[in-house]
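This is what each chain is made of:
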Amino acid sequence: MYTFSSKLKTFSIILMAVGLLGIGYGFLSAPKDIQEVEKILAADEHGSHGAAHEEKAEASHKEAGHHEAAAEASHDSHKEAGHSEVSGANEHEKHLEHVLHQLQNKPWSAVYVACIFFLLLSMGVLAFYAIQQVAQAGWSPVLFRVMQGITAYLPAGSVIFFILLVLCGLHFNHIFVWLGEGVTDPKSPNYDAIIAGKSGYLNFPFWIVRAFIFLLGWNIYRHFSRKNCLAQDEANDDLYYKKNFKASAGFLVFFIVSESIMSWDWIMSFDPHWFSTLFGWYVFASFFVSGITTIALVTIYLKSKGYLEYVNTSHIHDLAKFMFGISVFWTYLWFSQFMLIWYANIPEEVTYFVTRIQLYNLPFFGAVVMNFVFPLLILINTDFKRLNWVVVMAGVVILLGHYVDFFNMIMPGTVGDKWFIGVPEIASILFFLGLFIFVVFTALTKSPLLAKRNPFIEESKHFHY
C-alpha cells in the first residue's frame, strides 16, 4: 500500500494556500469602476513605460481593431463633422466599460483556464484507461491503479468547475460574451445578430444542463469502473472484468460525443462568431496527451519511492511513445486547422488567428515549440524513452505547453489584449496543482497499487518491448 508522505502532503497544502492568496489578490486588485480604468490607461500612456511602449500599444490596438481605435476614430470623425461632443463622450465611456470588463475578466479567466486544464487532464487519463480496457491491452494493467488515482481528481474538479459555470451564468463575470445582457434582444444596444441566431443552442439553461449531464456521466463511469476493478481483486472469476469491458465501451461512445460538445460549450463559445469543425479533436488531443504525460510522471515518481515493483522501462517506454505520438497528432490538428483557415482567408474565420498572432504571438507560436518541436527532438529516440529523467523533462514541458495552449484558446475571447501571465495566472496554477496532488496521492493510499486479479496482469508484469 502506498503511503502519502508528509512532505508531499505539506507541499500540496502550501501550494493551495499560496494559490488562494494569489487568486484573492487578483480579484482585489482588479479595477472596480471606469474611473479606475481611466487612471490605468492614463498611467499606461504617460507612465514609465516610455514612448516605445505607447507606440506598441497603439499599433496593437489598431491592428486588432479593438474599441479604443474605434472610439478615437469615431471621436475624430465627429469632431471633423462638427458633431456634438456628447457622442464622442459616449464612445469613450463605452470603450472604458469594455476595458473594465476585460480587466475584471482577468482573474476569472485565470481561474477558469487552470480549472478546466486540470479537469480535462484527469478526463484524458480516464479516456486512456477506458481505451486500455476495451482494447484488452496486455502491457498496461500494472498501471491501472495509477490511472484510477489520477482520475480521483475528477469529482472534486467537476464540482469546482460546475460552480464556476453557474457563476458565469449568474453574471458574476463577463467571460462569456454570449451570456451578456441584451445580446439576443433586437431592441437592446448590445444586440448581436450572430449570437441571437445561435441562441437556441447557446442559452444558459440548456448550456448548464449539458454541462451537468457530461460531468455526471463521466463521474458515474469513473466511480463504477474503479468499483468493479477493486471487486475483481477479490473475485473467483472474470465477471467484474467483463462488466468493466462493457461499461468502458459504452463510456467511450458517450465520451466522444460529450467531449466534442463540451469543447464547443466551454471553450469555443468564448469566440461565438467563430467555429471550426476540427475543434473537438484539437481539444481532445491537447488534454489526452496531457493525461498520458501525467500517468508517466506519477508512475516515475512512485517507482522512485520503491513502489510499482512490476513496472519496468518497457512500460515507461510505451507511455513515452504515446506522449510522442499524440504530440504529433496534436500538431497535425493544429496545422490542419490553422493552414486551411489562414489560406482561405475568409474574414469571419481568419480573425481568430489574426488576433492570436498579433496579440498573443509568443504564447501562440511558443505552444507549437513546447508541444511539438521539443517532444519531437527529445522523444523520437527509442533509448531516450527509457530514461526517466528525459521523460520527466519532456513531460514537464508538454504539460506547461498545453496549459499555454488552453491559455491561447480562452484568453483572447475574455481579456483581449489585456493579457499577462502574472499573479492570478500563476496562483491559479499553484492552487489547482496543489489540490490535484493532494487528491490524487490521497486516493492512491486507498487501495493496493496492483490490480492482482486482472486477466492480463501476468502478461503486464512480464511485459518487455
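Residues numbered from 1 in each chain as written. Predicted model: local features only at pLDDT ≥ 70, side-chain atom pairs only at ≥ 80, totals over all residues. Heavy atoms only, no water.

Q: Break down the overall build of the chain for me, citing the residues and quoting the values.
A: Summing up its helical and strand segments, the chain has 17 helices and zero strands in all. For 465 residues, the compact-globule formula gives about 23 Å, and the C-alpha radius of gyration of the chain, at 24 Å, lands near that figure. Considered along the principal axes of its C-alpha atoms, the chain spans approximately 90 × 45 × 45 Å. Here the chain, with 465 residues, has 52% of them falling under the buried criterion. Of the contacts formed within the chain by residues at least 6 apart in sequence, a portion of 82% connects residues at least 24 apart. (Helix = DSSP H or I, 4+ residues; strand = E, 2+ residues; numbered from the N terminus. Rg over C-alpha atoms; globule rule 2.2 N^0.38 Å. Buried < 20%, exposed > 50% of the residue type's maximum accessible area, 1.4 Å probe, protein only. Contact = heavy atoms within 4.5 Å.)

Q: So what's going on with the packing of helix α9 (residues 204-234) against helix α10 (residues 239-266)? Which residues, and what values?
A: Contact geometry of α9 with α10 gives a least axis separation of 9 Å together with a crossing angle of 160°. Between α9 and α10, the angle is such that the two are roughly antiparallel. Two packed elements cross with a definite hand, and for α9 against α10 that hand is left-handed. Of the residues contributing to the contact of α9 with α10, the split by class is 20 nonpolar, seven polar and three charged. (Axes fitted to C-alpha atoms, helices over the stretch in contact; angles between N-to-C directions. Parallel < 35°, antiparallel > 145°, perpendicular 65-115°, else oblique. Left-handed = near helix turned anticlockwise from the far one by under 90°. Nonpolar A, V, L, I, M, F, W, Y, C, P; charged D, E, K, R; others polar.)

Q: Give me the packing of helix α11 (residues 279-304) against helix α12 (residues 313-344): which residues, what numbers.
A: Close contact between α11 and α12 brings their axes to 9 Å; oriented N to C, the two are set at 160°. In terms of their interaxial angle, α11 and α12 are classed as roughly antiparallel. Crossing of α11 over α12 shows left-handed handedness. For the contact of α11 with α12, the class distribution of residues is 19 nonpolar, five polar and no charged.

Q: Can you tell me about empty space enclosed by the protein, naming the residues and giving the values?
A: Gaps left between atoms are located by rolling a probe of water-molecule size over the structure's atoms. Under the defined criterion, the tally for this structure stands at three cavities of 30 Å³ or more. Here the largest cavity defines a volume of roughly 120 Å³. Taken together, 13 residues form the lining of the largest cavity, with Y282, W334, Y352, F364 and D405 sitting closest to its centre. Within the residue set of the lining of the largest cavity, elements represented by two or more residues are α12, α13 (347-359), α14 (361-379) and α15 (388-414). If one sorts the elements of the lining of the largest cavity by residue count, α12 sits on top with four residues. Taken as a whole, the second largest cavity holds about 60 Å³ of empty space. In this structure, the second largest cavity is lined by Q133, C229, Q232, Y240, Y241, N244, A451 and N454. Those elements that place two or more of their residues in the lining of the second largest cavity are α9 and α10. When the residues that make up the lining of the second largest cavity are grouped by side-chain class, the tally is four nonpolar, four polar and no charged. (1 Å grid on protein atoms, 1.4 Å probe; cavity = no way out; pocket = protein on both sides within 12 Å on 5 of 7 lines; lining within 4 Å. Points joined across faces, edges and corners; volume = space filled by probe spheres on them.)

Q: I'd like a description of the pattern of salt bridges, backed by residues and values.
A: Scanning the entire structure with this criterion turns up eight salt bridges. The salt bridge partner of R145 is D233, with a shortest N-O separation of 2.9 Å. One end of the pair, R145, is in helix α6 (residues 144-151); the other, D233, is in helix α9, and 88 residues separate them in sequence. On the basis of relative accessibility, which here comes to 2%, the residue R145 falls in the buried class. (Salt bridge = Lys/Arg side-chain N within 4 Å of Asp/Glu carboxyl O.)

Q: Summarise the packing of aromatic side chains; cite the residues concerned and give the values.
A: Across all of its chains, the model carries 57 aromatic pairs by this definition. Pairing W274 with Y352 gives two aromatic rings, centres 3.7 Å apart and planes at 10°, and the pair type is stacked. With W274 in the loop between α10 and α11 and Y352 in helix α13, this residue pair connects regions lying 78 residues apart in the sequence. Of the two residues examined, W274 and Y352, each falls in the buried class. Each member of the aromatic cluster is reached from another via a ring pair, and the members are Y112, F161, F176, W178, F204, W207, F214, W218, F254, W266 and F270. (Phe/Tyr/Trp six-rings, centres within 6.5 Å; stacked < 30°, edge-to-face > 60°.)

Q: Hey, could you go over α13 for me, with residue numbers and the actual values?
A: With 13 residues, α13 extends 17 Å between its outermost C-alpha atoms, agreeing within 8% with the 18 Å of an ideal straight helix rising 1.5 Å per residue. When the local axis directions of α13 are compared, the greatest deviation, roughly 25°, occurs at F353. (Expected span 1.5 Å × (residues − 1). Bend = angle between axes of the 7 residues up to and from the residue.)

Q: An account of unusual backbone geometry is needed here, citing residue identities and associated values.
A: Of note in this structure, H171 is not a glycine but carries a positive phi near 65°. Residue placement: H171 occurs in the loop between α7 (153-169) and α8 (193-197). With a relative accessible area of 39%, H171 lands in the partly exposed category.

Q: Describe in detail α15, supporting the description with residues and values.
A: With 27 residues, α15 should reach 39 Å at 1.5 Å per residue; the first-to-last C-alpha distance of 39 Å fits that figure. The largest bend along α15 reaches roughly 30° and is located at N408, with the proline P412 sitting one to four residues downstream. With respect to burial, α15 is a largely interior element, 21 of its 27 residues being buried.

Q: Describe the side chain of S248, naming the residues involved and giving the relevant values.
A: One can find S248 in helix α10. According to the relative accessible area criterion, S248 is buried, its value standing at 0%. For S248, the residues in contact, after removing those within four places along its chain, are A130, Q133, V134 and Y221.

Q: Could you give an account of the nonpolar core, with specific residues and numbers?
A: Membership of the largest hydrophobic core comes to 132 residues, with the highest contact counts inside it found for Y112, W218, W266, F406 and F441. Sort the elements by how many residues they give to this core and helix α5 (residues 85-135) lands first, with 20 residues. By size, the runner-up hydrophobic cluster in this structure holds six residues, among which are L41, L96, V99 and L100. (Core = buried A, V, L, I, M, F, W, Y, C linked by side-chain atoms within 4.5 Å.)

Q: Got a sec to walk through the side chain of Q132? Specific residues and values, please.
A: Inspection of the secondary structure assignment puts Q132 in helix α5. Setting aside anything within four residues of it in sequence, one finds Q132 in contact with A137, W139, S140, F144 and M147.

Q: Give a detailed account of a nonpolar patch on the surface, specifying residues and quantitative values.
A: A cluster of nonpolar side chains, contributed by V209, F212, I213, L216, I220 and F224, occupies part of the molecular surface with about 540 Å² of accessible area. One can find V209 in helix α9. Classification of V209 as partly exposed rests on a relative accessible area of 43%. (Patch = residues over 30% accessible without salt bridge, like charges linked within 9 Å, V, L, I, M, F, W, Y side chains within 5 Å. Areas by Shrake-Rupley, 256 points an atom, 1.4 Å probe, with all protein chains shown as cover.)

Q: Pulling in residues and values, what's your account of the state of the cysteines?
A: Under the defined criterion, the tally for this structure stands at zero disulfides. This cysteine, C115, is not joined by any disulfide, and C168 carries the nearest cysteine sulfur, 10 Å off. Looking at C115, the relative accessible area reads 1%, which means it is buried. Note on C168: relative accessible area 1%, which makes it buried. (Disulfide = S-S within 2.5 Å.)

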